[in-house]
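# Structure at a glance
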Amino acid sequence: MKYRTIGTDPTTRREVSVLALGAMLFGSRTDEETAFAVLDRYVEAGGNFIDTSDNYAFWIDGGQGGQSEELLGRWRRSRGVGAEIVIATKLGARPLAPGTSYVDNAEGLSAKVIREAAERSRERLGVEKLDLLYAHIEDHTVPLRETVEGFAALVAEGSVGLLGVSNHAVWRVERARAIAAAAGLPGYEVFQYAHSHLRPRYDVPEDLFPDGSLGHAGPDLLGYLREEPGLTLVAYSPLLKGAYTHPDRLPADFDHPGTPARLKVLREVAGETGATVNQVVLAWQIGGDLPILPLAGVSSVAQLQENLAAVDLELTEEQRARLDAAH
């Protein structure tokens, strides 16, 4: 396994494995026996960076979520897992009532919610401190200063380590970070956005994003990473939910003229290296010039094994240049 440092403050920064494990469906679609087997193998391979959220996976049963955090808590207790494993979670997008969603009834990012939701996550996970806590989605009903101060208070108390942000407009991320910096408070240092080798159309409206998607790491966010070396991108959906091996799963916003060209180069490089296309995508992210950590969810140990092999896949500069330039 290889590792990268996330965070800049010596008191809160962590060394994490370059391949993060997504636990979104653990405890719901992925049964406990399978999830435990995946978690055990991941740790055995040197993995130490696991991702979840307080709302995973509410859409499976129409509830409010929490199954993933609860399963991770049971796994931690049964295996005697301590602070050596970094567990990241998120708040802000948990539905306030069963049968609703984050689109119409999200918990939001008020100071009260941040404190109460973080406490519930600690209880479900069975930890005294959340290693990394993300603001999951935007909340336009609460002043940014309140959100910034709400997260910073938990860091000051020692119940949260690093702060992160997901699915926010880059301008709002920068504004929140500026508020924190001006007040001498900790700000967002880890970004979690969708990112893969194939590029989506960013102008396609979604329920949460009427002006076009804010959930993908577009040119604004990638440029931000180049200018701010202390930041890290945790890239969710790096394998596009299996679409590289099952083209029928490719989301509609990837249906544009640039996709075939990038797929062609991916397949060429996979043939040259003897790796799978999935492994090439992960290796391209891990070894690139931007601080990107792929966050891949799996539903079996076999899928995890394929992903783990990507950590040691070394692409040549020429192969990287071709992958970067395809459009």
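Residues numbered from 1 in each chain as written. Predicted model: local features only at pLDDT ≥ 70, side-chain atom pairs only at ≥ 80, totals over all residues. Heavy atoms only, no water.

### Here's the deal with the packing of aromatic side chains
We apply this condition: Put simply, two rings from Phe, Tyr or Trp (the six-membered ring, in Trp's case) pair if the centres are within 6.5 Å, and we call them stacked under 30 degrees between planes, edge-to-face over 60, tilted for the rest. When a residue's accessible area, from a 1.4 Å probe over protein chains only, is under 20% of the maximum for its type it is buried; when over 50% it is exposed; and in between it is partly exposed.
Enumeration according to the criterion identifies six aromatic pairs in this entry. Geometrically, the ring pair formed by Y56 and W59 is edge-to-face, given 6.0 Å between the ring centres and 80° between the ring planes. What makes W59 partly exposed here is its relative accessible area of 38%. Centre to centre, the rings of F58 and W59 are 5.2 Å apart; their planes meet at 85°, and the pair counts as edge-to-face. Owing to a relative accessible area of 6%, F58 belongs among the buried residues under this scheme.

### A word on the pattern of salt bridges
Applicable threshold: Salt bridge criterion: a side-chain nitrogen from Lys or Arg within 4 Å of a carboxyl oxygen from Asp or Glu. Helix and strand definitions follow DSSP, with helices as H or I runs of at least four residues and strands as E runs of at least two, each counted in order from the N terminus.
Under the definition given, this model contains 18 salt bridges. The shortest N-O distance in the salt bridge between E116 and K112 comes to 3.1 Å. Placement of the pair is E116 and K112 together in helix α4 (residues 111–125), with a separation of four residues, close to one helical turn. With relative accessibility at 35%, the residue E116 sits in the partly exposed group. The class of K112 is exposed, set by a relative accessible area of 57%. For E119, the salt bridge identified is with R122, shortest N-O distance 2.3 Å. One end of the pair, E119, and the other, R122, are both in helix α4, three residues apart, so they sit about a helical turn from each other. Given the relative accessible area of 32%, E119 is considered partly exposed. Note on R122: relative accessible area 12%, which makes it buried. Overlapping salt bridges bring together K264, E268, E272, E318 and R322 as one network.

### Some words on helix α5 (residues 144–157)
Worth spelling out the cut-off: Here the expected length of a helix is defined as 1.5 Å per residue gap, with one fewer gap than residues. In what follows, a contact means two residues having at least one pair of non-hydrogen atoms within 4.5 Å.
Over its 14 residues, α5 extends 20 Å from the first C-alpha to the last, a length consistent with the 20 Å expected when each residue adds 1.5 Å. Every buried residue belonging to α5 is among L144, T147, V148, G150, F151, A152, L154 and V155, and all of these are buried. Against the buried residues of α5 lie β5 (86–91), α4, β6 (130–135), β7 (160–166) and α6 (170–182). Looking at the residues trailing α5, positive phi occurs at G158, about 90°.

### Brief notes about the nonpolar core
The criterion, for reference: Among buried residues, those of type Ala, Val, Leu, Ile, Met, Phe, Trp, Tyr and Cys that are joined through side-chain atoms within 4.5 Å constitute a nonpolar core.
Counting 93 residues, the largest nonpolar core has F49, I50, F151, Y188 and F191 as the members making the most contacts within it. Ranked by the residues each element gives to this core, the list is headed by helix α9 (residues 277–286), at seven residues. If we skip the residues at most four places from it in the chain, I50 touches L21, A23, L39, Y42, L72, W75, I85, V86, I87 and A88.

### Notes on the packing of helix α8 (residues 258–273) against α9
Heads up, the condition is: Interaxial angles span 0 to 180 degrees and are taken between N-to-C directions of axes, which are lines fitted to C-alpha atoms, for helices over the stretch in contact. Small angles under 35 degrees read as roughly parallel and large ones over 145 as roughly antiparallel, with 65 to 115 read as roughly perpendicular and the rest as oblique. Residues are grouped as follows: Ala, Val, Leu, Ile, Met, Phe, Trp, Tyr, Cys and Pro are nonpolar; Asp, Glu, Lys and Arg are charged; all remaining types, including Gly, are polar.
For the pair α8 and α9, interaxial distance at closest approach is 9 Å and the crossing angle is 100°. In terms of their interaxial angle, α8 and α9 are classed as roughly perpendicular. Along its contact with α8, which presents R262, L266, R267, V269, A270 and T273, the element α9 presents V277, V280, V281 and W284. Counted by class, the contact of α8 with α9 contains seven nonpolar, one polar and two charged residues.

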